[in-house]
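Examining the three-dimensional arrangement
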Amino acid sequence: MNTPSAARVIPLDEAAAFPRAPRTLEETGLPLLFLVELAAKLLFVRGQMRLTELSQQMRLSATVLESLLAFMRAERLCEVLRRGETDGDILYELTDAGRARAVEYLDRCKYAGAAPVGLAAYVAQVERQSVTKMRVTRDGVNEAFRGLIVKPEVRDQLGAAMGSGRALFLYGPAGAGKTYLAERLALLLDGDIAVPHAILVDGEVIQVFDPLIHTPVEDDRRPAALDNLMRPDLRWVRCKRPVAITGGELTLRMLDLDYDASSGFYQAPPHVKANNGLFVVDDLGRQIVTPEQLMNRWIVPMDRHHDYLALHSGTKFALPFDVVLVFSTNLMPADVADPAFLRRLGYKIHIGPMDEHEYREIFTRVCDARDVPFDESAFQMLLNDYHKAHGQPLLACYPRDLVNQIADLARYLGEPARLTPEALDWAWHNYFATR
């Protein structure tokens, strides 16, 4: 998900935190036979590959792959088809025995991409770049929220909550701006992180990198070509801290590993993909499962900062639960969970109606955006004859929705949009269905 640029408050030492490339097969942390399988599948799919091409596909250095291919040649699984001027130009292909073995490998698992990282390496990296290591200050929050209309006390609550790394519970009436604020919390995520393409657990591949959630960033700290000790491990992608947002579609099953029997490998659940970042559960209470069931699912992860997942083989293992978990709901806290769970929710933040000054500011901005000239007398009529007369609170969504309807009518009539009493009356009754 693409988000606005974050205010860099007190950044992590990102250069020191990024994993370094393995220089030997042992340093990959992966079983030799798994790497043989992966290389064989790639050679089977591509037919013939140069050493440099295989290196790019597996995200491992040519030096590491030379050792791997030497083993495969000794086992008569592959052979050299043609030698170029350099070692990188050597062309490899599978032998008949290698192709037969590759078919068996692909029947079991069709994953043929970047080499995964080991579970221990993934856990250590998530802890190294933990979201709790960000330091969020009032100055940083004010800078990140510059131009946004947010009550000062709510800004302080959001800033303190993000700095703590604990869960947030945003509640209030529909249309108050909870979802908007939850998404804008991404502005407070600071620093780049390393995200693996995949991890290997008990011989099974779990894909983690997701272009819908992870946004890669250019790495301007690339070492010199001869600086082998400082080469980054390309099995990891340098990304912005992730933001995952889910709503009414969320089910308990989505919070477990997603195994695709046809492909033979797993997709990580959304809260794992969001590790070191933000995970927003929007519209809590609209899911098929009850809020109590969702809350109970997260009691242990929130308490112990790790989650237990299971492979289809029955193997269970722990992964870090390192996210700022944000719940957004129209429900009151007491209607969602029992006191034991509410204790674990670090911050319960009420997002309510706006005052007249804030409402006017939003209204004028929306008018500017839709090329509708703002009219003070029409705005006062809206406040007194409609909001106050009908008992409608000043919620953040109303200016946009009402002005959009006025602009829609003007476009339909082929006239310039104007904030007239007639247009306001038309938009109000359309929107609130009061006739």
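Residues numbered from 1 in each chain as written. Predicted model: local features only at pLDDT ≥ 70, side-chain atom pairs only at ≥ 80, totals over all residues. Heavy atoms only, no water.

1. Topic: the confidence of the model for the chain
Mean pLDDT for the chain: 89, with 92% of residues reaching 70 or above. Low pLDDT, under 50, characterises residues 1-16; the predicted model gives this stretch 43 contacts beyond four residues in sequence or across chains. A low-confidence stretch, residues 223-227 stays under pLDDT 50, and its non-local contacts, those more than four residues away or across chains, total four contacts. (pLDDT = per-residue confidence, 0-100. Contact = heavy atoms within 4.5 Å.)

2. Remarks on the sheet that holds strand β1 (residues 48-50)
The strands making up a sheet are joined through hydrogen bonds of the backbone, oriented either antiparallel or parallel. Reading across from one edge, β1-β3-β2 is the order of the three strands in this open sheet, with antiparallel pairing throughout. Single-partner strands in this sheet number two, and they are β1 and β2 (78-82). Along the sheet, successive strands turn relative to each other by an average axial angle of 35 degrees, direction set aside. Where β1 and strand β3 (residues 91-94) come together, three bridges link them in antiparallel fashion. Its bridge partner lying in β3, arginine 50 is registered against leucine 91. Along the sheet face, helix α4 (residues 62-74) touches β2 and β3 and points at about 110 degrees away from the line of β2. (Pairing = 2+ DSSP bridges. Helix = DSSP H or I, 4+ residues; strand = E, 2+ residues; numbered from the N terminus. Axes fitted to C-alpha atoms, helices over the stretch in contact; angles between N-to-C directions.)

3. Concerning the layout of surface pockets
A water-sized probe rolled over the atoms picks out the places where empty space is left. Empty space within the largest pocket amounts to approximately 790 Å³. Elements supplying a minimum of two residues to the lining of the largest pocket: α8 (152-164), α9 (178-184), β16 (323-329), α13 (356-369) and α15 (398-413). The element best represented in the lining of the largest pocket is α13, accounting for five residues. A breakdown of the residues in the lining of the largest pocket according to their chemical character gives 16 nonpolar, eleven polar and ten charged. (1 Å grid on protein atoms, 1.4 Å probe; cavity = no way out; pocket = protein on both sides within 12 Å on 5 of 7 lines; lining within 4 Å. Points joined across faces, edges and corners; volume = space filled by probe spheres on them. Nonpolar A, V, L, I, M, F, W, Y, C, P; charged D, E, K, R; others polar.)

4. Side note on the packing of aromatic side chains
For the coordinates displayed, the defined rule picks out 15 aromatic pairs. Taken together, a centroid distance of 5.4 Å and an interplanar angle of 75 degrees make the contact between tyrosine 111 and phenylalanine 265 edge-to-face. Here tyrosine 111 is found in the loop between α5 (96-108) and β4 (117-118), whereas its partner phenylalanine 265 is found in strand β12 (residues 265-267), with 154 residues between them in sequence. Assessed through its relative accessible area of 15%, phenylalanine 265 is described here as buried. On the numbers, 4.9 Å between centres and 85 degrees between planes, the contact of tyrosine 431 with phenylalanine 432 is edge-to-face. Taking relative accessible area as the criterion, phenylalanine 432 reaches 18% and is therefore assigned buried. One aromatic cluster is present, formed by Tyr386, Tyr398, Trp428, Tyr431 and Phe432 through successive ring pairs. (Phe/Tyr/Trp six-rings, centres within 6.5 Å; stacked < 30°, edge-to-face > 60°. Buried < 20%, exposed > 50% of the residue type's maximum accessible area, 1.4 Å probe, protein only.)

5. Quick look at the packing of helix α2 (residues 32-46) against α5
Axis separation between α2 and α5 bottoms out at 9 Å; the angle between their running directions is 105 degrees. The angle between α2 and α5 places the two elements in the roughly perpendicular class. Counted together, Val36, Glu37, Ala40, Lys41 and Phe44 of α2 and Arg99, Ala102, Val103, Tyr105, Leu106 and Arg108 of α5 form the full contact between these two elements. Residue classes in the contact of α2 with α5 are distributed as seven nonpolar, no polar and four charged. (Parallel < 35°, antiparallel > 145°, perpendicular 65-115°, else oblique.)

6. Thoughts on α5
The first and last C-alpha atoms of α5 sit 19 Å apart over 13 residues, in line with the 18 Å expected at 1.5 Å per residue. Buried within α5 are the following residues: Gly98, Ala102, Tyr105 and Leu106. Across the axial projection of α5, the buried residues extend over an arc of 95 degrees, all falling on one side. Exposed residues pointing more than 90 degrees away from the buried face of α5 are listed as Asp96, Glu104 and Asp107. (Expected span 1.5 Å × (residues − 1). Arc of directions from axis to C-beta.)

7. A word on the environment of threonine 364
Relative to the helices and strands, threonine 364 resides in helix α13. For threonine 364, a relative accessible area of 19% gives the class buried. One polar contact links the side chain of threonine 364 to the main-chain carbonyl oxygen of glutamate 361, over a distance of 2.9 Å. (Polar contact = N/O pair within 3.5 Å; in protein donor to acceptor, adjacent residues only side chain to side chain.)

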